[in-house]
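Structure at a glance
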Amino acid sequence: MSTSFSGTTYTLNAGGYSATIAEVGANLESLISPQGKQLILPTSPNELRAGARGSHLAPWPNRIDGGRYTFSEVEHQLPISEVERHNAIHGLVMWQRWSFEEPVINAHQAQLSGTLELPPCPGYPFFLKYTVTYILNNEGLHVEFSAQNVGDEPAPYAYAAHPYLSAGGNIDQASALNQWVLEIPAEKYLETDERLLPVAEHSVEGTSLDFRDGALLGKMELDHAFGSLSYADKRGHVRLYADVHRSSGVELTFDESIRWVQVYTDGLERRALAVEPMTAPANAFNSGTHLVVLSPGEEHISRWGIRAFDQA
């Protein structure tokens, strides 16, 4: 353990993988494959984290229009955290200091669990307790994130994670993702306005956003949510291949609580691809799309993970 900008950091090693998790935000700072490749764009413990890289996003992901929403006939106003587009973005937990237990390590896996109790605050007067568990083994990284309503009133809720995936190669190489092939088994995507708020839902059929069979990213710019996801044995996936041969890369998997995946190419010199598993899309507090309403005492759990694959 060490103390840094990220607070205390914990490094887990198991199954040939290595993962580093930070106390601030319960953030995923680094994930290295058995082949020694960085699977995410890492965060330095000696500098302020860039945006939402590696973050958990709760009690809402993405954007809320003007930070305003109405719940149970009461209007709420959140602080505007995306000033240039006048939105509240990415929830309340990613800069909070989580409380972690000591890692549990055995011959087959390493596990780290943390909790955060976030009291009611202006704009979100609901009381939730969050729990995150990281498990590392020979099948990669597995993450379980839960929220429990410990208050007396129902609470609106949604969740996402924000890793920037790397399909391999030099993590510092600008435009690396231009060579990668993206595969998303999704039937639909969301059209957004100039403030990146959803305005319409469309089929991917016949569009440049059809990644069901995989497509070269090239110089494509993406900041889109994909829905109507496919699940095999109750598990969905997004794959990012290192090149057109598709012999190696990185895979993000998720359970059926994840209804949308946001994909983002801009920023960070195109060295990695943000692939965000989301339980609900942007502005769900207003649209109601896949919004979870937690009754007092109720808990919601989402599971996702990251692994490397190499068929060479």
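Heads up: the structure comes first, above all this text.
A short tour of the structure in this document, coming up. Worth saying up front: this structure is predicted, and the values here are computed from it rather than measured.

**Quick word on the overall build of the protein**
If you tally the helices and strands in the protein, you get one helix and 28 strands. A compact globule built from 312 residues would reach a C-alpha radius of gyration of about 20 Å, and the protein, at 19 Å, matches this within 12%. Summarising its shape, the C-alpha atoms of the protein cover approximately 55 × 50 × 40 Å along the three principal directions. Approximately 13,300 Å² of the protein is accessible, and the part contributed by carbon and sulfur atoms is 46%.

**Description of the pattern of salt bridges**
Tallied over the full model, the rule gives 14 salt bridges. Among the ionic pairs, Arg-195 bridges to Asp-65, the shortest N-O distance being 2.8 Å. Remark: Asp-65 occurs in strand S6 (residues 63-65) and Arg-195 occurs in the loop between strand S19 (186-192) and strand S20 (198-203); sequence separation between them is 130 residues. Each of Glu-183, Arg-239, Glu-251 and Arg-307 takes part in one network of salt bridges that share partners.

**So, the packing of aromatic side chains**
On inspection of all chains with the given rule, the structure shows 13 aromatic pairs. By way of ring pairs, the aromatic residues Trp-60, Tyr-69, Phe-71, Tyr-124, Phe-126 and Phe-285 are connected into one cluster. Taking the ring centre of Trp-95 as reference, the NZ or CZ of Arg-49 above it sits at 3.9 Å.

**Describing the side chain of Ser-6**
The residue Ser-6 is located in the loop between strand S1 (2-4) and strand S2 (7-14) in this model. By relative accessible area, Ser-6 is classed as buried at 7%. The contacts of Ser-6, once residues within four sequence positions are left out, are Ala-22, Glu-23, Val-24, Glu-29 and Pro-45.

**Structural notes on the nonpolar core**
Counting 73 residues, the largest nonpolar core has Tyr-130, Tyr-157, Leu-182 and Ile-306 as its most contacted members. Setting aside anything within four residues of it in sequence, one finds Tyr-157 in contact with Ala-58, Pro-59, Leu-128, Tyr-130, Phe-145, Ala-147, Phe-285, Leu-291, Val-292, Leu-294 and His-300.

**Description of the environment of Gly-51**
Structurally, Gly-51 is set in the loop between strand S4 (28-32) and strand S5 (55-57). Measuring from C-alpha to C-alpha, the distance between Gly-51 and His-90 comes to 10.0 Å, with 39 residues separating the pair along the chain.

**Regarding the environment of Ile-80**
Here Ile-80 lies in the loop between strand S8 (74-77) and strand S9 (87-89). Distance from Ile-80 to Leu-217, taken between C-alpha atoms, is 32 Å for residues 137 residues apart in sequence. Not counting residues up to four positions away in its chain, the partners in contact with Ile-80 are Gly-66, Gly-67, His-86, Asn-87 and Ala-88.

**Structural notes on the pairing of S20**
Across five bridges, the pairing between S19 and S20 is antiparallel. Bridge pairing in S20 places Tyr-189 opposite His-202.

**Quick look at unusual backbone geometry**
Backbone torsion omega between Ala-58 and Pro-59 reads 5 degrees, so that peptide bond is classified as cis. Positionally, Pro-59 belongs in the loop between S5 and S6. The backbone of Glu-73 shows a phi angle near 65 degrees, a positive value even though the residue is not glycine. Relative to the assigned elements, Glu-73 resides in the loop between strand S7 (68-71) and S8. Using a relative accessible area of 80% as the deciding quantity, one classes Glu-73 as exposed. One non-glycine residue, His-290, adopts positive backbone phi at about 55 degrees. In this structure His-290 comes out as partly exposed when scored by relative accessible area, which is 32%.

**Some details on the side chain of Gln-262**
Following the sequence through the fold, Gln-262 ends up in strand S25 (residues 260-264). A polar contact of 3.3 Å, which involves the side chain of Gln-262, links it to the side chain of Asn-62. Here the side chain of Gln-262 touches Asp-223 through a polar contact of 2.9 Å, side chain to side chain. Those residues in contact with Gln-262, other than ones at most four positions away along the chain, are Asn-62, Asp-223, His-224, Ala-225, Ala-274, Val-275, Glu-276 and Met-278.

Criteria and cut-off values
- Residues numbered from 1 in each chain as written.
- Predicted model: local features only at pLDDT ≥ 70, side-chain atom pairs only at ≥ 80, totals over all residues.
- Heavy atoms only, no water.
- Helix = DSSP H or I, 4+ residues; strand = E, 2+ residues; numbered from the N terminus.
- Rg over C-alpha atoms; globule rule 2.2 N^0.38 Å.
- Areas by Shrake-Rupley, 256 points an atom, 1.4 Å probe, with all protein chains shown as cover.
- Salt bridge = Lys/Arg side-chain N within 4 Å of Asp/Glu carboxyl O.
- Phe/Tyr/Trp six-rings, centres within 6.5 Å; stacked < 30°, edge-to-face > 60°.
- Lys NZ or Arg CZ within 6 Å of the ring centre and 35° of its normal.
- Buried < 20%, exposed > 50% of the residue type's maximum accessible area, 1.4 Å probe, protein only.
- Contact = heavy atoms within 4.5 Å.
- Core = buried A, V, L, I, M, F, W, Y, C linked by side-chain atoms within 4.5 Å.
- Pairing = 2+ DSSP bridges.
- Polar contact = N/O pair within 3.5 Å; in protein donor to acceptor, adjacent residues only side chain to side chain.

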